[in-house]
Amino acid sequence: MTSPVDAQTLTVRAVADALHVRASGLGFISGPVLDRLQDGRSVRVDFDLIVLEKPNGAVVSRAQQSFNLSFDLWEQRFAVTRIGPMPRSISHLTARAAEDWCLDNVTVPVASLGRTGRDTPFWVRVEYRIPERSANAPAEDSTFTLHTLIDVLSRRREDENKAKSVEAGPFRLGN
Amino acid sequence: MRLLSLLLLVLVLLAPWQAARAQDVEPRDGAIIESVDLSGLSRDSLSPGLRRELETLTGEPLNRERLMEIAARIEGEQPDVVAAVRYVARPDGQARVIFLVARISDDDSLVENINTRYIVESVEIQGIPDADISRSLRDRLQALVGKRLDHDEADELKRLLEAERPGYTVERRISRGSERGRIRVVFEFSEKEGTRWIPFTPSRSKFVYHSEQGWSGALDIPMGGRSHRVTAGFMFSNNDDLVEEYSGVRVAFESRKLATDRLGARIEIARFNDTWREPTLFALAADPAIPEAYRTRLTIEPSVTFAPTPYVRVTGGVSLSELESLMRPPDSQNANAVVTRIDYDQRWYGSRDVTQRVEASYELRTSAEALESDLSYTRHLASLRYRYSQRHNTVIANLAFGGISGNAPLFERFTLGDSTTLRGWNKFDIAPAGGDRVFNSSLEYRYRFVGAFLDAGSVWNNNGEMRFRLSSGFGLQGDNGFLTLAFPLNAEDLNVTFTMGVRF
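Chemist: Explain the overall build of chain B to me, please; I cannot follow it from the model alone.
Modeler: Secondary structure summary: chain B contains eight helices and 22 strands in total. For chain B, buried positions account for 30% of its 504 residues. Excluding contacts between residues fewer than 6 apart, the proportion of contacts in chain B whose partners are at least 24 apart in sequence is 55%.

Here it is, written out as structure tokens:
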């Protein structure tokens, strides 16, 4: 379940054999995520880059990549690590640059697109999710009151904010 | 971690053994820099300007601030690394400077959190006194100081802190220390609701269906913070609590921290319209000793609560009610009483997910001449509730006794036979005008949301016959919802009662 992100500018480009995507102002380093980072804790972000035949159409290719973010308390800059078998890291980034770096490190091989892109246009969807941090009150304190109901509903809304998507197209390779 | 270990090894190898003892001594500011080494990164990777900067350091007086700036510039030019400066005091009073550079992605702890490279300056506990933590655990916390933050160890300590203080949740935060490169680790405790000295009045919200009595509804909307709140309450034809069926509104203001966590206050103002079932009206007509029915009930109940311990609360207050007569409006009666109550509530958290909770209370309500009550009465009610939970298994036992002397208003009279007591019986059959004596007990077992129960009790009048009643049932039983079939065990007819509803 994802909610669309508004006011995005999505661009794609093929660099070497990989399709890269850029999106302006993803803005996931803000609000509670930023608070958490500034408290010295780390945050994981999961990205899903999906190439589609048409809007909400069949999936042509997809790539998933997770990143670990932290905020250097002394440098007041963000550090990001691409998690996986070939980790890459970067530090001393602004929030915006950290977001861009994440997205730039989620790529799909151009070869996986086949004829799509060369002969036919394609659409791109970027989804990102910030997994809910482990917490919280134990079951015996979870007596259901209207107050807790409101909390639960609020949390659900927050979850939806943490799983967002942006989709754009049509694109062609060489555009 | 591997690379850092390697770097440390390189550092040891680089330092001549003669200087080994001197390494323990920090060179003084202003000491002449004998040499500058860069470890873990080729100088060729740096910009010409930064290389020149490194070269010009040799022969210069030691300036830690400047060296830290250069380390930051190395990180700026090489964003996938972190750089630290190490100083080696030479026997001749000079200093050796080594820039230790590590690639972030080669170090698991840096991958997890970039702040892991900083040295822990202090570890603090907030929210509870340090003395509330065992000595051994405090020692383990303090053992973090002076080293890089080990996240696994810190998470384990957080878990142990929560295990030692089960009434609290613990959050771990990191903040800047007093000097560059140092961090403070804070374990912040916040109370769970169950450990407050004075809890807020539990919500009465419910929507309940009883196959003999119909629908009842109550909705509480609490608003406010952790210490003070306002609750707006609405009743919709509620016949599940009393002999009357009442609808209306109530507003309650509560504070559970008046200067101290041990002192709280509450005032509730309620106005209800009452309707009465035929069996109740017949019973009232048959027994003129019982005070008359009313069409509206306006109640004001201010009270103050003091908690001498976290488990015991003593409450004192008054209950002022104006009851407008059902038969002779607008005539009314006042039912005013002094209310005294003592509550005991304690939980135990054992191993293997075992939780036990005991709640006991005794309440005395007595009318007083000073309060100009038209009805003179005294009401006692004592109750005990025990709950044992282990994973999906829950056992709940309830016991209550009550007695009234004098002429208590109908809302004070005891009833049994609703969605929580003597399930399977209908209160309008067994005591349609309530009683002035009550005994009630129940035993309930739940596995996840499936439960079975056995209820026993009696409600009667002092001058009447006491009849002991039993009922049993089963169904879906949870703290917030239920759907049960119940039947009386010692009735002449087998009459199955269906109840369902939510409480929240």
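Chemist: What exactly am I supposed to notice about the pairing of strand β3 (residues 95–103) of chain B here?
Modeler: On a regular strand, each side chain points to the face opposite its neighbour's, so the side chains alternate between the two faces of the sheet. All names here are of chain B. Of all nine residues making up β3, eight are buried, and the element is well covered by its neighbours. For strand β1 (residues 33–39) and β3, the ladder comprises six bridges, and the chain directions are parallel. Bridge pairing in β3 links Ser-39 to Leu-100. Bridge count between strand β2 (residues 81–89) and β3: nine bridges; the pairing is antiparallel. Paired with Val-82 across the strands is Ala-102, a residue of β3.

Chemist: Help me understand the environment of B:Trp348 in this model?
Modeler: Examined against the element boundaries, B:Trp348 turns out to sit in strand β14 (residues 332–349). Sequence separation between B:Trp348 and B:Tyr388 is 40 residues, and the spatial gap between their C-alpha atoms is 9.5 Å.

Chemist: Help me out: how do you make sense of the sheet that holds β2(B) in this one?
Modeler: Backbone-to-backbone hydrogen bonds join strands into a sheet, with any given pair of strands oriented parallel or antiparallel. All names here are of chain B. Taking strand neighbours across the sheet as the criterion, the three strands line up as β1-β3-β2 in an open arrangement whose pairing is mixed. The open sheet is flanked by β1 and β2, the only strands paired with a single partner. This sheet shows a mean twist of 15° between the axes of neighbouring strands, independent of strand direction. Its contacts with the sheet put helix α3 (residues 64–77) on β2 and β3, and the angle it makes with β2 is roughly 150°.

Chemist: Any chance you could explain the confidence of the model for chain A here in plain terms?
Modeler: The predicted coordinates of low-pLDDT regions are not to be read in fine detail. All names here are of chain A. Of the residues in chain A, 75% reach a pLDDT of 70 or more, and the chain-wide mean stands at 78. Segment residues 134–143 is flagged for pLDDT under 50; beyond a separation of four residues in sequence, or across chains, it makes twelve contacts in the model. A low-confidence stretch, residues 156–161 (pLDDT under 50), is modelled with three contacts involving residues beyond four sequence positions or located in other chains.

Chemist: Explain the pairing of strand β20 (residues 469–477) of chain B here, please?
Modeler: Residues and elements named next belong to chain B. Bridge analysis of strand β19 (residues 450–460) against β20 gives eight bridges, and the strand direction is antiparallel. By the bridge assignment for β20, Val-450 is matched with Leu-476. Counting the residues that bridge the hairpin from β20 to strand β21 (residues 481–488) gives three residues.

Conventions we followed
Residues numbered from 1 in each chain as written. Chains lettered and ligands numbered in written order. Predicted model: local features only at pLDDT ≥ 70, side-chain atom pairs only at ≥ 80, totals over all residues. Helix = DSSP H or I, 4+ residues; strand = E, 2+ residues; numbered from the N terminus. Buried ≥ 20, exposed ≤ 12 C-beta atoms within 10 Å, placed from the backbone. Contact = placed C-beta atoms within 7 Å. Pairing = 2+ DSSP bridges. Axes fitted to C-alpha atoms, helices over the stretch in contact; angles between N-to-C directions. pLDDT = per-residue confidence, 0-100.

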